Amino acid sequence: NPIILISSNGKLQVQNTIKGNRKAVAYLLEMLQKHGVEAKDNFFDRPLYLVRTSKNDTYDFLKQELKRRYPKLVIKESIVGPVIGAHVGCGASIIFFEGAPRFKI
């Protein structure tokens with residue numbers, strides 16, 4: 001599972017590759033904790049966007065874990081359009097959140 005971030009130039013870049021869906025979800029949650037919850041004082045005042053290309057078990061597990069770990073978190077769900085979907089592929093699960101300054105990649 002590739003972990004893709006948006007660079008400071010607005011380009012998509014592979015930041016890491018994780019084997020196994022549950023490990024990928026754990027990695028995303030770790031990044032959310034480090035770069036969102038711990039890095040931004042008013043983190044829970046902003047929604048987290050949970051986006052998918054198609055419904056799948058990984059998406060459902062990610063959503064369940066987000067709700068379990070962060071019950072105060074407002075989650076807004078959506079489906080990506082065909083252009084982004086063509087780039088990330090079927091079964092992608094995506095999170096967007098306002099956290100620390102943009103990642104240096």
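You'll find the structure just up there.
All of the points below concern the structure found in this document. None of these values were measured; they are calculated from a predicted model. (Residues numbered from 1 in each chain as written. Predicted model: local features only at pLDDT ≥ 70, side-chain atom pairs only at ≥ 80, totals over all residues. Heavy atoms only, no water.)

We now examine the packing of aromatic side chains. Taken as a whole and assessed by the stated rule, the structure comprises three aromatic pairs. With centroids separated by 6.1 Å and ring planes inclined at 75°, the aromatic side chains of Phe-43 and Phe-97 adopt a geometry described as edge-to-face. One end of the pair, Phe-43, is in the loop between helix H1 (21-37) and strand E3 (48-52); the other, Phe-97, is in the segment after strand E5 (93-96), and 54 residues separate them in sequence. Under the relative-accessibility criterion, Phe-43 is labelled buried at 3%. Centre to centre, the rings of Phe-44 and Tyr-70 are 6.2 Å apart; their planes meet at 45°, and the pair counts as tilted. Of this pair, Phe-44 sits in the loop between H1 and E3 while Tyr-70 is found in the loop between helix H2 (57-69) and strand E4 (75-79), placing the two residues 26 residues apart along the sequence. The class for Tyr-70 is buried, based on a relative accessible area of 8%. (Phe/Tyr/Trp six-rings, centres within 6.5 Å; stacked < 30°, edge-to-face > 60°. Helix = DSSP H or I, 4+ residues; strand = E, 2+ residues; numbered from the N terminus. Buried < 20%, exposed > 50% of the residue type's maximum accessible area, 1.4 Å probe, protein only.)

Once that is clear, we can look at H1. Side chains three or four residues apart in an α-helix point the same way, a direct result of the helix having 3.6 residues per turn. Helix length check: H1 (17 residues) gives 23 Å between terminal C-alpha atoms against 24 Å at 1.5 Å per residue, within 8%. Those residues of H1 that sit buried are Ala-24, Val-25, Tyr-27, Leu-28, Leu-29, Met-31, Leu-32 and Gly-36. Contacts made by the buried residues of H1 are with strand E1 (2-6), strand E2 (12-17), E3, H2 and E5. (Expected span 1.5 Å × (residues − 1). Contact = heavy atoms within 4.5 Å.)

Take the nonpolar core next. When a protein is soluble and globular, its nonpolar side chains tend to lie buried together. Judged by nonpolar contacts, the single largest core of 21 residues is most densely connected at Leu-48, Leu-50, Leu-62, Leu-66 and Leu-73. Among the elements of the structure, E1, H1, E3 and H2 are those that each provide at least two residues to this core. At seven residues, the largest contribution of residues to this core is made by H1. Excluding residues within four positions of it along the chain, Leu-48 makes contact with Leu-32, Leu-66, Leu-73, Val-74, Ile-75, Lys-76, Ile-95, Phe-96 and Phe-97. (Core = buried A, V, L, I, M, F, W, Y, C linked by side-chain atoms within 4.5 Å.)

This paragraph deals with a nonpolar patch on the surface. Together, Ile-4, Ile-6, Leu-12, Val-14, Tyr-49, Ile-84, Val-88 and Phe-96 line one region of the surface with nonpolar side chains, adding up to about 680 Å² of accessible area. Only E1, E2 and helix H3 (82-88) provide two or more residues apiece to the nonpolar patch. Along the chain, Ile-84 turns up in helix H3. A relative accessible area of 44% means that Ile-84 is categorised as partly exposed. (Patch = residues over 30% accessible without salt bridge, like charges linked within 9 Å, V, L, I, M, F, W, Y side chains within 5 Å. Areas by Shrake-Rupley, 256 points an atom, 1.4 Å probe, with all protein chains shown as cover. Salt bridge = Lys/Arg side-chain N within 4 Å of Asp/Glu carboxyl O.)

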